[in-house]
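Each chain is listed here by its residues.
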Amino acid sequence: MSGFSIVEARGIRKEFPNMTAPVLDDVSITIDSGEIVALRGPSGSGKSTLLNIIGCLDGPTRGTYSLGGRDVSTLNRRERAWVRLHYIGFIFQSFHLISDNTVLENVTLPLYYAGLGRDEREGRAVELLERVGLGHRMKHRPAQLSGGEKQRVAIARAVAGRPRLLLADEPTGALDTKTGNEVMDLLLEVHAAGSLTLVIVTHDSEVAEFCHRQVFLRDGKVITDGSSHAAHA
Ligand SMILES: Nc1ncnc2c1ncn2[C@@H]1O[C@H](COP(=O)(O)OP(=O)(O)O)[C@@H](O)[C@H]1O
Ligand SMILES: [Mg+2]
């Protein structure tokens, strides 16, 4: 069942300096709390740019965006960082783990910035790493892990702060099909376990099939926005 709208973006335009055309042009999207949404579209269509705005990594040039009922479109960098730390988890295609840190340290670091004490940080990280099947890899460095294992660490890190919104930019893009499916299963598992809203940028139609809804972008505009199971509705 749908709850309240966690994401409400209206008329989003995004321009970058030295670009003639806007990268996002009048994009509106509403996402209900608890939904799983796939963002699809050709390379260069603006998916990552939109995900970054939804995730408060970047702000729109024009338009309004409210996250959890709060207008975040006019926040400055510092304020956006605070919102991300407390409400948002990110997962990237290339993992973005800190190579000098152990697996455990990678997961505890954002909790340190969120102000949690040492016991709470380690307790949460150990529990999550066990849940993603990496209890035996906690002292390893990212370079010693397979791609699938790295993405599991990234998922544990992304959910450690108990975000409301989990955003994944082509999370299976660097993985083989079998490993990608395992990562997708894990994302669905963490979605089911927490009261999470999940937005996944993906090229993979199989991954998109797991989502409640698919939104297609082309040339910076939303061209279709509908349930992947519309035929059964
Ligand atoms: N920081 C930036 N500066 C200038 N152009 C950018 C920037 N980020 C993205 N773009 C451009 O915006 C367009 C959309 O990029 P992106 O959102 O990454 O697309 P997608 O994720 O769908 O492949 C591309 O033409 C890209 O080159
Ligand atoms: Mg992209």
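Predicted model, so just to flag it, every value in this text is computed and none were measured.

1. Looking at the overall build of the protein chain
- Looking only at helices and strands, the protein chain features 7 helices and 10 strands.
- For 233 residues, the compact-globule estimate of 2.2 N^0.38 gives 17 Å, and the protein chain sits close to it at 17 Å.
- Seen through its principal axes, the protein chain has C-alpha atoms that stretch 45 × 40 × 40 Å.
- Expressed as a percentage of the 233 residues in the protein chain, the buried residues total 40%.
- Long-range pairs, those at least 24 residues apart, make up 67% of the contacts in the protein chain with a sequence separation of at least 6.

2. Looking at the site of ligand 1
- Surrounding ligand 1, one finds Phe-16, Met-19, Val-23, Gly-41, Ser-43, Gly-44, Ser-45, Gly-46, Lys-47, Ser-48 and Thr-49.
- Tallied by class, residues from the shell around ligand 1 come to 3 nonpolar, 7 polar and 1 charged.

3. Thoughts on the sheet that holds strand S1 (residues 5-14)
- Spatial strand order, S2-S1-S4-S5: 4 strands in an open sheet with antiparallel pairing. At either end of the open sheet lies a strand with only one pairing partner, and these are strand S2 (24-32) and strand S5 (70-71).
- For S1 and S2, the ladder comprises 6 bridges, and the chain directions are antiparallel. Bridge pairing in S2 links Lys-14 to Leu-24.
- Packing against the sheet, helix H1 (residues 47-54) makes contact with S1, S2 and strand S4 (62-67), and its axis sits at approximately 125° to S1.

4. Thoughts on the confidence of the model for the protein chain
- The pLDDT averaged across the protein chain works out to 93; a share of 96% of its residues lies at or above 70.
- Within the protein chain, the lowest mean pLDDT, 87, falls on helix H7 (residues 205-209), and the highest, 98, falls on H1.

5. Let's talk about helix H3 (residues 103-113)
- Every buried residue of H3 is accounted for by Val-103, Leu-104, Asn-106, Val-107, Thr-108, Pro-110 and Leu-111.
- Looking at the buried residues of H3, the elements they touch are helix H2 (77-87), helix H4 (118-131) and helix H5 (147-160).
- Just downstream of H3, Gly-115 is the residue with a positive phi angle, here 90°.

6. Overview of the nonpolar core
- Ranked by size, the top nonpolar core spans 61 residues in total, and within it Leu-39, Val-107, Leu-129, Ala-156, Leu-167, Val-199 and Ile-200 carry the most contacts.
- With 7 residues, H5 is the largest single contributor of residues to this core.
- Aside from chain neighbours lying at most four places away, what touches Ala-156 is Val-107, Leu-128, Leu-129 and Val-132.

7. Comments concerning the pairing of strand S8 (residues 197-201)
- Burial within S8 is extensive, with 5 of its 5 residues counted as buried.
- Residues Thr-197, Val-199 and Val-201 point to one face of S8 and Leu-198 and Ile-200 to the other, with burial holding for every one of them.
- Bridge count for strand S3 (residues 36-40) against S8 is 4 bridges, and the pairing is parallel. By the bridge assignment, Val-37 is partnered in S8 with Val-199.
- Summarising the sheet, strand S7 (residues 165-169) and S8 pair through 5 bridges and their orientation is parallel. The residue bridging Leu-165 from the neighbouring strand is Thr-197, located in S8.

8. Let's talk about the environment of Leu-85
- Turning to its location among the elements, Leu-85 is positioned in helix H2.
- The exposure class of Leu-85 is partly exposed, given the 16 C-beta atoms found within 10 Å.
- Placed 77 residues apart in sequence, Leu-85 and Arg-162 show a C-alpha to C-alpha distance of 9.8 Å.
- Dropping the residues within four chain positions of it, Leu-85 is found in contact with Pro-110, Tyr-113, Ala-114 and Gly-161.

9. Points about unusual backbone geometry
- Not every positive phi belongs to a glycine, and Phe-95 is a case in point at roughly 70°.
- When you line up the elements, Phe-95 lands in the loop between strand S6 (88-92) and H3.
- On the neighbour-count criterion, Phe-95 (21 C-beta atoms within 10 Å) is buried.
- One non-glycine residue, His-96, lies in positive phi territory at about 55°.
- Looking at the element boundaries, His-96 is found in the loop between S6 and H3.

Basis of the calculations
- Residue numbers restart at each chain and count upward from 1, following the sequence in its written direction.
- To label them, take the chains in the order written and letter them from A, then take the ligands in the order written and number them from 1.
- The model is predicted, so local features are restricted to residues of pLDDT at least 70 and side-chain atom pairs to those at 80 or more, both for listing and for counting; the totals for chains, interfaces and linings are taken over all residues.
- Secondary structure counts use DSSP, requiring at least four H or I residues in a row for a helix and at least two E residues in a row for a strand, with both numbered from the N terminus.
- Our radius of gyration is a C-alpha quantity, and the globule rule it is checked against amounts to 2.2 Å times the number of residues to the power 0.38.
- Residues with at least 20 other C-beta atoms within 10 Å of their own are called buried, those with 12 or fewer are called exposed, and the rest are partly exposed. The C-beta atoms themselves are positioned from the backbone.
- Throughout, a residue-residue contact means that the two C-beta atoms, derived from backbone geometry, are no farther apart than 7 Å.
- As a rule, any residue with its backbone-derived C-beta atom within 6 Å of a molecule or strand is reported as near that molecule or strand.
- Following the grouping adopted for this structure description, the nonpolar residues are Ala, Val, Leu, Ile, Met, Phe, Trp, Tyr, Cys and Pro, the charged ones are Asp, Glu, Lys and Arg, and the polar ones are all others, Gly among them.
- When DSSP finds at least two bridges between two strands, those strands are taken to pair.
- For helices, the axis comes from a line fit to the C-alpha atoms of the stretch in contact; other axes are also lines fit to C-alpha atoms, and the angle between any two N-to-C directions lies between 0 and 180 degrees.
- A residue's pLDDT is the confidence the predictor assigns to it, expressed on a 0 to 100 scale.
- Nonpolar cores are identified as sets of buried Ala, Val, Leu, Ile, Met, Phe, Trp, Tyr and Cys residues joined via C-beta atoms within 7 Å.

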